[in-house]
Amino acid sequence: MHKKLFFLITLLAGILCTGMTTTLLADDASAAKVQKLIDAADAARKEAASVGGEWRDTGKMIDSAKELLGKGDYVAAAKLANEAAKQGHLGYAQAMSQKDLKMPSYLHYE
Amino acid sequence: MKKVFQTLALIALACGIGVTAQASTPEQDLQAFQNFFKKRFPSVEMDDYANGAYAIDPAGRENWEAIEEFPPYEPFIDDGKTMWDKPFTNGKTYSDCFPDGPAIAGKYPYWDKEKGMVMTLPLALNQCLEANGEKPLKYKKGPINNILSYIAFESRGQTTNVVIPKDDPRALQAYEDGKKFYYARRGQLNFSCASCHIQNAGMILRTEILSPALGHTTHFPVYRSKWGTVGTLHRRFSGCNQQVRAKAFKAQGEEYRNLEYFLTYMSNGLPLNGPGARK
């Protein structure tokens, strides 16, 4: 009886530990992936800033993504990081498109 | 036929390059800029542009005139006078840095050939403080607005007269950089300064009438009801940039100094009437 109980407890503990380890490994992998997304977003933000094209909320979005990552909310963190990266790329493209002065047609020079 | 197309394409390309490369002088820019507003608001007297949106908004003007009967910026002028008169730790005062003061607002911004940069009044004030062993003031909020209010008040009636010296190409470059900043679209909303204050001046945005760019620099520092205090021109630049969801630049950094240089030049000929009161 005792032997059976001991066996069952050991088996259960084994299953639980394996499960936890798997979850932890999965978490580590997710965290690393999200961190990469955040790093990419920050690089995009910096690239936009280097040409004066950073948008107002990009940095804040990256900070929020970091916070969410810390809390383990990988899906929300990844979503925000991707959005921030998009803003960084658009900000850069916008600044490059405005690199040369374009005088508006409504100003008339004589 | 192919050759004809090639020739036409070349001509079109050459014309395109010609338009892009065509540069206008500051004088031509000024004329085009001021003429735009003369045509847009033919009944507005030139000097009235110094009153911002109230030059084109009769209802807003009534409120503003009522506010001006008990100007909210008055205590700031008084505090500024105290600052002007109070000796620094070394016994000197602002007068030692600005012997022509306090009515010196009309001299700024100017091209400082020696430093190779646009010199603005707040920057000059802080340089004075630092040269006398004092701590510089913050450029957007706080006591800098007191001393600026006092100087602006004492300078009322002076005329905006920014000069782009022809003997230093760096001055023209600073002006051009400021101009480019003004007409460049930025931020998530993809607006330029000109989108609101030239192209759409006089239009209503939510509950507000967009003020004309002409005269934008005459009345700073300004008491804004929204702020509940007096703020600097660069604080306003910063706020405008943020409204179009662009990251603001540093107050008194090169971008905003050059922008001030260009924008003030565009108001050449208008009277200085700071400090002002706005919504």
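A quick note: this is a predicted structure, and the numbers were derived from the prediction, not measured.

Novice: Explain the overall build of chain A to me, please; I cannot follow it from the model alone.
Specialist: Scanning chain A from N- to C-terminus turns up three helices and zero strands. For chain A, with 110 residues in total, the buried portion stands at 28%. For chain A, the proportion of contacts with a sequence separation of at least 24, taken over those separated by at least 6, is 68%. Accessible area of chain A: about 7400 Å², with a carbon and sulfur share of 66%.

Novice: Got a minute to help me understand the interface of chain A and chain B in this structure?
Specialist: Accessible area lost on assembly of the parts is the figure often given for the size of an interface. Across the boundary between the two partners, chain A contributes 19 residues, which contact 27 residues of chain B. A buried area of about 2000 Å², summed over both sides, lies between chain A and chain B, and 57% of it is on carbon and sulfur atoms. Of all residues in chain A, R56, L101 and Y106 of chain A give up the largest surface area on contact with chain B, accounting jointly for 31% of the area buried on that side. Counting across the chain A and chain B interface gives one salt bridge. Close ionic contact of K247 of chain B with E54 of chain A constitutes a salt bridge, the shortest N to O distance being 3.9 Å. At the boundary of chain A with chain B, the tally comes to eight residue pairs in polar contact (both at pLDDT 80 or more). Of the residues in the side of chain A that touches chain B, the class split is seven nonpolar, five polar and seven charged.

Novice: Explain the confidence of the model for chain B here, please?
Specialist: Reading fine detail from the predicted coordinates is not recommended where pLDDT is low. All names here are of chain B. Residues at a pLDDT of 70 or more form 92% of chain B, whose mean pLDDT is 93. Below a pLDDT of 50 lies the segment residues 7–21, which in the model reaches zero contacts outside its immediate sequence neighbourhood of four places, other chains included. Taken together, the chains of this predicted complex give a pTM of 0.88 and an interface ipTM of 0.86.

Novice: It is not clear to me how the nonpolar core should be interpreted in this structure. Could you clarify?
Specialist: Buried together is how nonpolar side chains tend to be arranged in soluble globular proteins. Judged by nonpolar contacts, the single largest core of 41 residues is most densely connected at F33, F37, Y182, Y183, I198 and Y261 of chain B. Top element by residues in this core is helix α11 (residues 254–266) of chain B. It accounts for seven residues. Non-local contacts of Y183 of chain B, meaning those with residues more than four positions away in its chain, are made with Q98, L101, K102, M103, P104 and L107 of chain A together with F33, S192, A194, I198 and F262 of chain B. Formed by 31 residues, the second largest nonpolar core is a distinct cluster that contains Y54, Y108, C128 and I151 of chain B.

Cut-offs used in this document
- Residues numbered from 1 in each chain as written.
- Chains lettered and ligands numbered in written order.
- Predicted model: local features only at pLDDT ≥ 70, side-chain atom pairs only at ≥ 80, totals over all residues.
- Heavy atoms only, no water.
- Helix = DSSP H or I, 4+ residues; strand = E, 2+ residues; numbered from the N terminus.
- Buried < 20%, exposed > 50% of the residue type's maximum accessible area, 1.4 Å probe, protein only.
- Contact = heavy atoms within 4.5 Å.
- Areas by Shrake-Rupley, 256 points an atom, 1.4 Å probe, with all protein chains shown as cover.
- Buried area = accessible area lost by both parts, 1.4 Å probe.
- Salt bridge = Lys/Arg side-chain N within 4 Å of Asp/Glu carboxyl O.
- Polar contact = N/O pair within 3.5 Å; in protein donor to acceptor, adjacent residues only side chain to side chain.
- Nonpolar A, V, L, I, M, F, W, Y, C, P; charged D, E, K, R; others polar.
- pLDDT = per-residue confidence, 0-100.
- Core = buried A, V, L, I, M, F, W, Y, C linked by side-chain atoms within 4.5 Å.

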